[in-house]
Amino acid sequence: MESSLNVVFESFQSEEIRDDMQRAASITGFEKVEGEIKGELSAGQWANFFAAVLRGNFTEQAKAPIIKKTNGSGEKPGKILIVPQSNHTTESFTIEDLFKDINVSRTYLGCRVSKLSLDVQPNGIASVSVGFLGQRSEDASAAYFTSPTNLIQSGKLAGVTGKLLFNKRPLGLVTGFKVDIDLNASSEPVLGARYAPDVFIGTVAVSGSFSIYMQDKTMFDAVRNGQSLSLELRMDAEDATNSDYVSIILPGIKLTSIETDDGAKNIIQTLNFDAFPAVYDSQSQIDDSLKIATTMIIQDTLA
């Protein structure tokens, strides 16, 4: 896992014109935390951040798999997360960077998830990037978290162990999938304070793209006609019985554009989309949350 979290200080300088033709000292002003944590996708490892960016909570009980596995036998249940219609959460995190070799601890306070991106390629481990906007930091010579609890997580998830569905049907010849979730976070300075009183987050905006080998004119027609479609992705840690997995479902998407790469190879189409609230399964026997109009559904066996 890689962190680029940092403290950003705004500063301002006097514009006064002085007789000695020199500038007065600058003043350090508003402080905030910005940056991201990057890593590789595993079941369980990123569940708290998925819940924060979708502004909801996973179901208390694990449910039968929404998307069935491709290979192997046996199915493990997983908890389900959706963007709720009300009672949205506003989770705040305290994150520590510990530099053991020089006995320095930097703790970032009041951090809210501002963005989350997922990138799945057929020849590599799926990657996750979580962006944060926070209030401030504190520095110390000893660790803030003295006995942190280890996360329960599966093996890494990769495109080679996954499948992408388009309108609930397997989509063949997929060369990549990306999704971005943006909460449009902001923090504004106030008089008499060095940092914002809070970090404010807004609506859950989901967009992304996937790329496939061009096979016919189906995708062109989908863009031109403004069809309402769905995308479903499941990735398993392994093919073994009762293996862990993460499924990501977009019940409603509209393709917004197509980019065609007509180089000296097979023609690849990159299809960009926006997601919107839709009902994934109005007759669901798995969980009533699948009968609610939502922008995204996530099922994680270790959440």
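What comes next concerns the included structure. Model, not experiment: these values are computed from the prediction.

Regarding the overall build of the protein
No. 1: A tally of helices and strands in the protein yields two helices and 16 strands.
No. 2: Burial status across the protein gives 43% buried among its 303 residues.
No. 3: Pairs at least 24 residues apart make up 69% of the contacts formed inside the protein by residues separated by at least 6 positions.
No. 4: Averaging the coordinates of the 27 positive side-chain charges in the protein and doing the same for the 38 negative ones gives two points 6 Å apart.

Quick word on the pairing of strand β15 (residues 268-275)
No. 1: For β15, a buried count of six out of eight residues is recorded, marking the element as mostly surrounded by other parts of the structure.
No. 2: Of the pairings in the sheet, the one linking strand β12 (residues 205-213) to β15 comprises seven bridges and is antiparallel in character. Within β15, the residue paired with Y213 across the bridge is I268.
No. 3: Bridge count for strand β14 (residues 245-261) against β15 is eight bridges, and the pairing is antiparallel. Within the sheet, the bridge partner assigned to I253 lies in β15 and is A275.

Section: the environment of F166
No. 1: Assignment of secondary structure puts F166 in strand β9 (residues 162-166).
No. 2: Exposure remark for F166: the relative accessible area of 12% places this residue in the buried category.
No. 3: As a C-alpha pair, F166 and L250 span 84 residues in sequence and 9.8 Å in three-dimensional space.
No. 4: Ignoring any residue separated from it by four or fewer positions in sequence, one finds F166 in contact with L171, F210, M219, L229, S230, L231, E232, I253 and L255.

Examining the pattern of salt bridges
No. 1: Under the counting rule described, the total for this entry stands at 12 salt bridges.
No. 2: Between D198 and R112 there is a salt bridge, with its nearest N and O atoms 2.9 Å apart. Of this pair, D198 sits in the loop between β11 (174-182) and β12 while R112 sits in strand β6 (residues 104-120), and the two are 86 residues apart along the sequence.
No. 3: Assessed through its relative accessible area of 25%, D198 is described here as partly exposed.

Let's talk about the pairing of β12
No. 1: Pairing geometry for β11 and β12, over eight bridges, is antiparallel. Note on β12: the bridge partner recorded for D182 is A205.

Looking at the nonpolar core
No. 1: Counting 58 residues, the largest nonpolar core has F132, F210 and L255 as the members making the most contacts within it.
No. 2: Of the residues forming this core, the biggest block, seven residues, is contributed by helix α1 (residues 47-54).
No. 3: Residues contacting F132, with those up to four places away along its chain left out, are L5, V33, E34, G35, I37, F49, F93, I95, C111, R112, V113 and S114.
No. 4: I66, Y280, L290 and I297 belong to the second-largest nonpolar core, a separate cluster that totals nine residues.

Overview of unusual backbone geometry
No. 1: Phi at N167 is positive, roughly 60 degrees, even though this residue is not glycine.
No. 2: Phi is positive for K168, close to 70 degrees, though the residue is something other than glycine.
No. 3: Checked against the element boundaries, K168 lands in the loop between β9 and β10 (169-170).
No. 4: For K168, a relative accessible area of 46% puts it in the partly exposed group.

Rules behind the numbers
Along each chain, the written sequence defines residue order, and numbers are assigned to residues from 1. Per-residue local features of the predicted model are confined to residues with pLDDT of at least 70, and side-chain atom pairs are confined, for both listing and counting, to 80 or more; whole-chain, interface and lining totals are unaffected and use all residues. Remark: hydrogens and water are excluded; side-chain values derive from all non-hydrogen atoms of the structure. Every helix listed is a DSSP run of H or I at least four residues long, and every strand listed is a run of E at least two residues long, numbered separately from the N terminus. Partly exposed residues are those whose accessible area sits between 20% and 50% of the maximum for their type, while under 20% is buried and over 50% is exposed, using a 1.4 Å probe and protein chains only. For this analysis, residues touch if any pair of their heavy atoms sits within 4.5 Å. Residues counted as positive are Lys and Arg, residues counted as negative are Asp and Glu, and His and the chain ends are not counted. In this description, the location of a charge corresponds to atom NZ of lysine, CZ of arginine, CG of aspartate or CD of glutamate. Any two strands with at least two DSSP-identified bridges between them are counted as paired. A pairing counts as a salt bridge when a side-chain nitrogen of Lys or Arg comes within 4 Å of a carboxyl oxygen of Asp or Glu. Here the nonpolar core consists of buried residues drawn from Ala, Val, Leu, Ile, Met, Phe, Trp, Tyr and Cys, with membership extended through side-chain atoms lying within 4.5 Å.

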